[in-house]
Amino acid sequence: MTKRIISVFITFCMLLTFASCKNPTEEESDVSTTRSSGTAGATEASNTSQTSEPSASVSPTDTSETTCEPVPTVTETVPETVAATVITVAPTEVFQGEYLTVFISNSGESDKIEYDTKLAANWMIKTIPHEGGFLALIPIEWDKAPADYNLGIKVTRDGETAAETSEMVKVSKKDFEKHYIVVSEELAATRSDENFAKDGVYTSRARSATSSEPLWEGSFILPVEGARITCDYGLIRYVNNVVVGRHSGLDVSIAAGAPVMASNGGRVTLAMELIVTGNTIIIDHGMNIFTAYCHLSKMFVEQGDIVAKYDVIGEVGSTGFSTGPHLHWTFTIGETFVNPWLFMDKDPLDWLAPTE
Ligand SMILES: [Zn+2]
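Residues numbered from 1 in each chain as written. Predicted model: local features only at pLDDT ≥ 70, side-chain atom pairs only at ≥ 80, totals over all residues.

(A) Summary view of unusual backbone geometry. With an omega of -10 degrees, the peptide bond running from Ala90 to Pro91 counts as cis. Within the secondary structure, Pro91 sits in the loop between strand E1 (87-90) and strand E2 (93-95). Phi is positive for Glu131, which is not a glycine, with a value near 45 degrees. Position of Glu131 relative to the elements: it lies in the loop between strand E5 (126-130) and strand E6 (133-139). The phi dihedral of Met287 falls on the positive side, at around 55 degrees, and the residue is not glycine. (Helix = DSSP H or I, 4+ residues; strand = E, 2+ residues; numbered from the N terminus.)

Shown next, in the form of structure tokens:
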């Protein structure tokens with residue numbers, strides 16, 4: 001009698017265990033039913049229930065109910081290894097007059113790249129093929145209002161987003177000094193809007209196209225040896241006590257005739273006499289970086305020449321709007337004047353090197 005009771009009890013227990021084992025499966029199908037109500041097609045619903053949160057709901061029951069048959073492990077299908085498109089922005093904290101480097105890896109010609117930012121106008125940003133992806137330098141103007149700016153970058157491939165980023169970039173105020181010069185009215189008249197516009201036709205053309213290969217190597221050099229800087233980048237300039245704007249580059253003071261060297265490798269895109277800047281040479285260093293050498297007395301290169309770092313390209317003079325022999329030397333990203341010191345401190349591509 002007792003034996004019979006025990007055997008009934010055992011059978012009852014087994015049944016009970018079996019019943020509890022069925023639960024997870026029921027629960028799972030419940031989940032998928034709930035989901036399918038939210039989605040359009042049945043196929044889509046079952047796909048969803050397979051790929052997401054299976055382990056979270058199933059495995060706890062799985063381990064406690066050892067008497068059950070093991071639930072088959074869901075093996076996730078590993079997608080084929082395709083190098084992902086990654087967007088790198090550096091640095092994300094800059095001063096007025098500096099620039100940012102953007103690199104988009106594993107990106108091709110058919111990709112559409114869009115910028116959504118108030119850091120710089122879209123026309124100021126040139127996106128150039130570089131090492132299997134794209135490189136862009138974003139210049140920050142010297143009078144850009146100090147603030148935190150959002151930099152949105154989106155890469156679209158075959159109608160779908162391949163990569164997207166939204167970086168916060170901090171632009172800090174740079175304390176530019178004031179610089180006063182007094183010149184004859186006649187010389188002051190050289191700086192007329194009309195003359196700037198005339199020169200601008202040539203300088204814009206010289207900076208309109210750039211090499212898609214970096215033509216520079218390492219950091220840039222000061223083009224004149226043994227010189228001193230008499231007027232820094234971004235200074236607020238007063239000519240005869242009237243604000244005339246900012247100083248677009250560095251004034252390097254040295255005796256007339258001193259050799260002027262190419263600050264780095266590049267291709268000469270302009271070598272001619274202009275009204276305001278006198279004898280002027282512009283070199284394209286690739287990736288939208290240009291240097292200009294102004295007020296020269298002599299020029300030893302022509303448009304189209306390839307130059308190497310340290311090559312002597314001309315001599316210091318005082319042609320154009322100039323109060324005495326000096327080299328006015330500028331850096332632009334496209335047509336935006338940026339701080340030359342940055343390029344002497346660091347190879348622009350070093351921003352992309354892993355920091356360690
Ligand atoms: Zn100058």
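On we go from here.
(B) Fine view of the pairing of strand E7 (residues 147-157). Alignment of strand E4 (residues 112-117) against E7, held across six bridges, turns out to be antiparallel. When the sheet's bridge partners are listed, Asp116 is paired in E7 with Gly152. Where E7 and strand E8 (residues 160-172) come together, eleven bridges link them in antiparallel fashion. When the sheet's bridge partners are listed, Val155 is paired in E8 with Ala163. Linking two consecutive strands that pair antiparallel, namely E7 and E8, is a turn of two residues; a positive phi of about 50 degrees is found at Asp158 within it. (Pairing = 2+ DSSP bridges.)

(C) How the structure looks around the sheet that holds E5. With respect to topology, four strands assemble into an open sheet ordered E1-E3-E6-E5, the strand pairing being antiparallel. In this open sheet, the two strands that pair with only one neighbour each are E1 and E5. For this sheet, the mean inter-axis angle between neighbouring strands, taken without regard to orientation, is 20 degrees. Here E5 runs beside E6; their pairing, made up of five bridges, is antiparallel. Bridge pairing in E6 places Pro129 opposite Phe134. (Axes fitted to C-alpha atoms, helices over the stretch in contact; angles between N-to-C directions.)

(D) Layout of the nonpolar core. Among the nonpolar cores identified, the biggest contains 54 residues, and Ile138, Ile281 and Tyr293 are the most heavily contacted of them. Ranked by residue count, the leading element in this core is strand E17 (residues 289-296), at six residues. Lining this core are residues from two domains, each supplying at least three of them: domain 2 (87-174) and domain 3 (178-351). Dropping the residues within four chain positions of it, Tyr293 is found in contact with Pro223, Val260, Thr280, Ile281, Ile313, Gly314, Leu327 and Trp329. (Core = buried A, V, L, I, M, F, W, Y, C linked by C-beta atoms within 7 Å. Buried ≥ 20, exposed ≤ 12 C-beta atoms within 10 Å, placed from the backbone. Domains from an automatic or database assignment. Contact = placed C-beta atoms within 7 Å.)

(E) Structural view of the pairing of E6. The element E6 is largely enclosed, with a buried count of seven among its seven residues. Where strand E3 (residues 99-104) lies against E6, six bridges are found, and the strand directions are antiparallel. Residue pairing across strands places Val102 opposite Ala136, the latter belonging to E6. Counting the residues between successive antiparallel strands, the hairpin from E5 to E6 contains two residues, one of them, Glu131, with a positive phi of roughly 45 degrees.

(F) A look at the sheet that holds strand E11 (residues 236-239). One open sheet accounts for three strands, arranged E9-E11-E12; its pairing is mixed. Here the strands that pair on one side only, and so sit at the sheet edges, are strand E9 (178-181) and strand E12 (242-246). Ignoring which end each strand starts from, the neighbouring axes of this sheet average 30 degrees apart. Where E9 and E11 come together, four bridges link them in parallel fashion.

(G) The arrangement of the environment of Glu225 in detail. Counting through the fold element by element, Glu225 comes out in the loop between helix H5 (193-206) and strand E10 (228-231). Considering only alpha carbons, one finds Glu225 and Ile254, 29 residues apart in sequence, at a separation of 8.9 Å.

(H) Here's a closer look at the environment of Thr156. Secondary-structure assignment places Thr156 in strand E7. Residues Thr156 and Glu114, spaced 42 residues apart in sequence, show a C-alpha to C-alpha distance of 8.3 Å. Each residue touching Thr156, except ones within four places of it in the same chain, is listed here: Asp111, Lys112, Thr161 and Ala162.

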